[in-house]
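Structural description and commentary
Letter by letter, the chains look like this.
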Amino acid sequence: MFSRPSPRLRFHPPQPGEELIRFEHLRKAFGPKRVYDDVRLSVHAGETLTVIGGSGTGKSVLLKCLIGLLRQDSGRILFQGQDLSDFREEDFIALRRHVAMVFQGAALFDSLSVGENIAYPLHEHFPDMTPAQVRERVAEKLALVGLPDTEHLKPADLSGGMRKRVGLARAIATNPEVILWDEPTTGLDPVTTETINQLILDMQRQLGCTSIVVTHDMMSAFTVSDRIAMLAHRRIVQVGTPEEMKRSSVPEVRAFLDARKQELEREAAP
Ligand SMILES: Nc1ncnc2c1ncn2[C@@H]1O[C@H](COP(=O)(O)OP(=O)(O)OP(=O)(O)O)[C@@H](O)[C@H]1O
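Residues numbered from 1 in each chain as written. Predicted model: local features only at pLDDT ≥ 70, side-chain atom pairs only at ≥ 80, totals over all residues. Heavy atoms only, no water.

Under the definition given, this model contains 17 salt bridges. R34 serves as the salt-bridge partner of D37, at 2.9 Å between the closest nitrogen and oxygen. Assessed through its relative accessible area of 14%, D37 is described here as buried. For the salt bridge of D38 with R40, the shortest nitrogen-to-oxygen distance reads 2.7 Å. A network of salt bridges, in which partner residues are shared, links R8, D86, R88, E90 and D91. (Salt bridge = Lys/Arg side-chain N within 4 Å of Asp/Glu carboxyl O. Buried < 20%, exposed > 50% of the residue type's maximum accessible area, 1.4 Å probe, protein only.)

Where burial is concerned, most of strand 8 (residues 210-214) is hidden: five out of the five residues are buried. Side chains T210, I212 and V214 of strand 8 all project onto a buried face; the interleaved residues S211 and V213 project onto the opposite face, where all are buried too. Bridging between strand 3 (residues 48-53) and strand 8 involves four bridges; their strand directions are parallel. Within the sheet, the bridge partner assigned to L49 lies in strand 8 and is I212. Sheet topology places strand 7 (residues 178-182) next to strand 8; five bridges connect them, and they run parallel. Bridged to D182 within strand 8 is V214. Handedness of the strand 7-helix 6 (residues 190-207)-strand 8 crossover: right-handed. (Helix = DSSP H or I, 4+ residues; strand = E, 2+ residues; numbered from the N terminus. Pairing = 2+ DSSP bridges. Right-handed = clockwise from strand over helix to strand, strands pointing away.)

It helps to recall that an α-helix has 3.6 residues per turn; residues three or four apart then point in one direction. Where burial is concerned, most of helix 1 (residues 59-66) is hidden: six out of the eight residues are buried. Buried within helix 1 are the following residues: K59, V61, L62, L63, C65 and L66.

A word on the sheet that holds strand 5 (residues 82-83). Taken in spatial order, the four strands of this open sheet run 2-1-4-5, and their pairing is antiparallel. For this open sheet the edge positions go to strand 2 (33-44) and strand 5, each flanked by a neighbour on one side alone. Examined bridge by bridge, strand 4 (residues 74-79) and strand 5 share two bridges and lie antiparallel to one another. Residue pairing for strand 5: L78 is matched across the bridge by D83. Its contacts with the sheet put helix 1 on strand 1 (19-30), strand 2 and strand 4, and the angle it makes with strand 1 is roughly 115 degrees. (Contact = heavy atoms within 4.5 Å. Axes fitted to C-alpha atoms, helices over the stretch in contact; angles between N-to-C directions.)

Quick look at the layout of surface pockets now. The computed volume of the second largest pocket comes to approximately 390 Å³. What lines the second largest pocket is a set of 19 residues, and nearest its centre among them are T193, D217, M219, S220 and L264. At five residues, the largest contribution of residues to the lining of the second largest pocket is made by helix 7 (residues 218-224). (1 Å grid on protein atoms, 1.4 Å probe; cavity = no way out; pocket = protein on both sides within 12 Å on 5 of 7 lines; lining within 4 Å. Points joined across faces, edges and corners; volume = space filled by probe spheres on them.)

Another aspect to go through is the nonpolar core. With 35 residues, the main nonpolar core has I21, L66, F79, L180 and I212 as its most contacted residues. With near-sequence residues (within four places) excluded, L180 lies in contact with L63, L66, I67, V99, A100, M101, V102 and I212. Counting residues in each nonpolar core, the second largest holds 32 residues, with V102, L168, W181 and V224 among its members. (Core = buried A, V, L, I, M, F, W, Y, C linked by side-chain atoms within 4.5 Å.)

This part takes up the domain arrangement of the chain. What the domain assignment reports for the chain is domain 1 (19-98 + 176-268) and domain 2 (112-174). With 18 residues of domain 1 at the contact, the number on the domain 2 side is 13 residues. Summing both sides of the interface, domain 1 and domain 2 together bury roughly 1200 Å²; the carbon and sulfur share of this comes to 74%. Three residues, R97, P176 and L199, lead the burial of domain 1 against domain 2; their summed loss comes to 37% of the area buried on that side. If you look at where domain 1 meets domain 2, you find zero salt bridges. (Domains from an automatic or database assignment. Buried area = accessible area lost by both parts, 1.4 Å probe.)

Structure below.
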């Protein structure tokens, strides 16, 4: 079950600004449903890039294709210039040590304690770590997400926001260079949303991580992103800084942002 060093993954520590990930001419369909016709997108080391788009446009599928949980039908995904198309499952396991996903619902194992959940990827990727080293790493990550001394708790004892933070602690246990965030603030109250936004920013500022965030939450997107990419009509219709997106004249972007703004105003109304 444990991963072995993969001969296929040639990894080097990312240099700030290098093109780390490139989606090239991606096509993907589920049966008759076409999700991507021609998706093209680059992600640079050290940036936080957010993918926005309507429901069902394929935001989560993009993250899943990157780490091999789904496969594109054609086109390529390059990681540090290396084509992942012919990667096998064991190669993707090696990749997931560097590119970790924080799943939408945290996806914790309910039967394991918080500490055991966070230790799980360490056993998978670093079978030679001693129990003391594992305990130390788990404590370090729990402190980083603001939940020190909670190792013994069970997921059922935690609030939604705490579960998200434990999910993050598990994702970063292996010290990944890239973090994929699937709807990190969905369903959270404003205070917890702010905490998660701050954690996304901290991962970049304190640890130099690259992040790809998938979200509906435009307030969060504008807060955490260096760049925002919009998926519509089975392709990326615009990529730009938050300011560029706010001023966008691309019809799909305008329509999406205006609809989200109206939704927020309705939610805020007494
Ligand atoms: N494993 C799968 N099998 C079949 N269809 C799938 C699968 N995964 C995703 N899809 C379909 O692909 C489309 C894109 O899904 P995806 O989850 O990426 O959308 P999304 O943009 O993240 O949407 P949302 O914002 O609602 O979460 C949807 O129509 C979804 O039903």
